[in-house]
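Here is what each chain is made of, one letter per residue.
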Amino acid sequence: MRAMVVLAMTMCCVYAYAADFVVDGISYTITDNAGSVVKVVAGSEKYTGSVVIPETVTNVYKTYTVKSIGSRAFYNCTDLESVSMGNTIESIESYAFSGCSSLVTINWPSSLSEFGSSAFEGCKSLESVTLGSKVQSMGGYVFQNCTRLNTLTIEEGCSVIGNNAFKACTSLKHVLIPASVTSLGSDAFYGCNSLEKVVIGDGIRELNGYTFYKCSALTVVELGTKVREVNNYCFSGCSSIQSIYLPTTTVPDAYNNTFANYNATLYVPSTSLEDYKAHEIWGKFFADGAIKPLEDYTTGIRTYAVEHKADRVYDLNGLTTNAAHHGINIVRMSDGSIRKVMVK
């Protein structure tokens, strides 16, 4: 019996720390039949401090391309502070960095296309996230409970934001979702209680239930022209909303519990004004708040002379533009804030 217990413990250790080789303190496993691609895996000891993951690694005269971060590779490495990854990384697997509570900075390779479930869950010191133009797959809970996350950049080309992706990211204040995003998961921003402004591009047709549930500081919501349904509890618990910008002429479906209340001002196309007023749900804004034409919408509009440098400019459909144009622009500033800017 004792021999069987020892054998079981040995097998467990091999499973947890299986690596084909170690170079410069980083463990790797070969992942392809040709033996030319590797991924980073957990080591026999937890990673600490600053880790640099190269694009290629050489072992016994053979060079391999590093294309992924394996499941639980850095799991609960609580003394890990920064990570630099090469531009060959395509996927970060489930729980790869989960529980890295001291991780402050990480670069986001342009090659990255896939996030596994809970890849960065509980990284409570992480301050900035960039979802690049190649991101096509995202598991659930990827950045849940990243409580110091205050800057989120979603690049044009990114197509998906997973369920519970940014749940309880309580320092996040501004979100701009470009038109390339066609899937926005349920509970994606649930409980982001510092979130003040949300701008959603034209790629989203349906807003799932609980997407912005209990975002109690949310004051401004701007939706795209293609939204056709806003599900129950999507904005429930968002009791501070003051303005909703809804530029679609087709009145979207909405339900009794979609919103916390109807005290806000709803801005819609003038040609559809009466349709919104007559709608069972949207019409409640006319009764308790106000419904006005889009032309009256001035929330957040400022002159182009601003104290922070413009980092990126979008048109009202959420599409990236080369420069600000005459009229209203949506501008992401260098400090991470999002503003509406009027160029005369």
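Rules used throughout
Residue positions are counted from 1 within each chain, in the order its sequence is given. With the structure being a predicted model, the display of local features is reserved for residues of pLDDT at least 70 and the display and counting of side-chain atom pairs for 80 or more, all residues being used for whole-chain, interface and lining totals. Note that the side-chain values use all heavy atoms of the structure and ignore hydrogens as well as water. For Phe, Tyr and Trp, where Trp contributes only its six-membered ring, two rings pair if their centres lie within 6.5 Å, and the inter-plane angle classes them as stacked under 30 degrees, edge-to-face over 60, or tilted in between. Note on criteria: charge over ring means Lys NZ or Arg CZ within 6 Å of the ring centre, with the direction from the centre no more than 35 degrees off the ring normal. Working definition: with a 1.4 Å probe on protein chains only, accessible area under 20% of the residue-type maximum means buried, over 50% means exposed, and in between means partly exposed. By the criteria applied, helices consist of DSSP H or I runs no shorter than four residues and strands consist of E runs no shorter than two, each listed in order from the N terminus. Note on pairing: two strands pair once DSSP finds at least 2 bridges between them. Salt bridges, as used here, are contacts in which a Lys or Arg side-chain nitrogen is within 4 Å of a carboxyl oxygen on Asp or Glu.

All right, on to the packing of aromatic side chains then. Each aromatic ring pair is specified by the distance between its two centres and by the angle formed by the two planes. The final tally for this structure, using the stated rule, is 29 aromatic pairs. One cation-aromatic arrangement involves Arg72 over Tyr95; the distance from NZ or CZ to the ring centre is 4.6 Å. Cation over ring: Lys167 sits above Tyr190, and NZ or CZ is 4.5 Å from the ring centre.

As a further point, take the pairing of strand S15 (residues 174-177). The alternating pattern of S15 places His174 and Leu176 and Val175 and Ile177 on opposite faces, both of which are buried. Where S15 lies against strand S17 (residues 197-200), 4 bridges are found, and the strand directions are parallel. By the bridge assignment, Ile177 is partnered in S17 with Ile200.

Under the criterion given, the structure shown has 2 salt bridges. The shortest N-O distance in the salt bridge between Lys39 and Glu93 comes to 3.5 Å. Here Lys39 is found in strand S3 (residues 37-41), whereas its partner Glu93 is found in the loop between strand S8 (91-92) and strand S9 (105-106), with 54 residues between them in sequence. The residue Lys277 makes a salt bridge to Glu274 at a minimum N-O spacing of 3.7 Å. With Lys277 and Glu274 both in helix H2 (residues 273-278) and 3 residues apart, this pair spans about one turn of that helix.

Let us now look at the sheet that holds strand S4 (residues 49-53). Pairing is parallel in the open sheet, where 3 strands are placed in the order S4-S7-S9. A single partner strand is all that each edge strand has here, and the edge strands are S4 and S9. Examined bridge by bridge, strand S7 (residues 80-85) and S9 share 2 bridges and lie parallel to one another. By the bridge assignment for S9, Ser82 is matched with Thr105.

The values reported here are purely geometric and, on their own, carry no functional implication.
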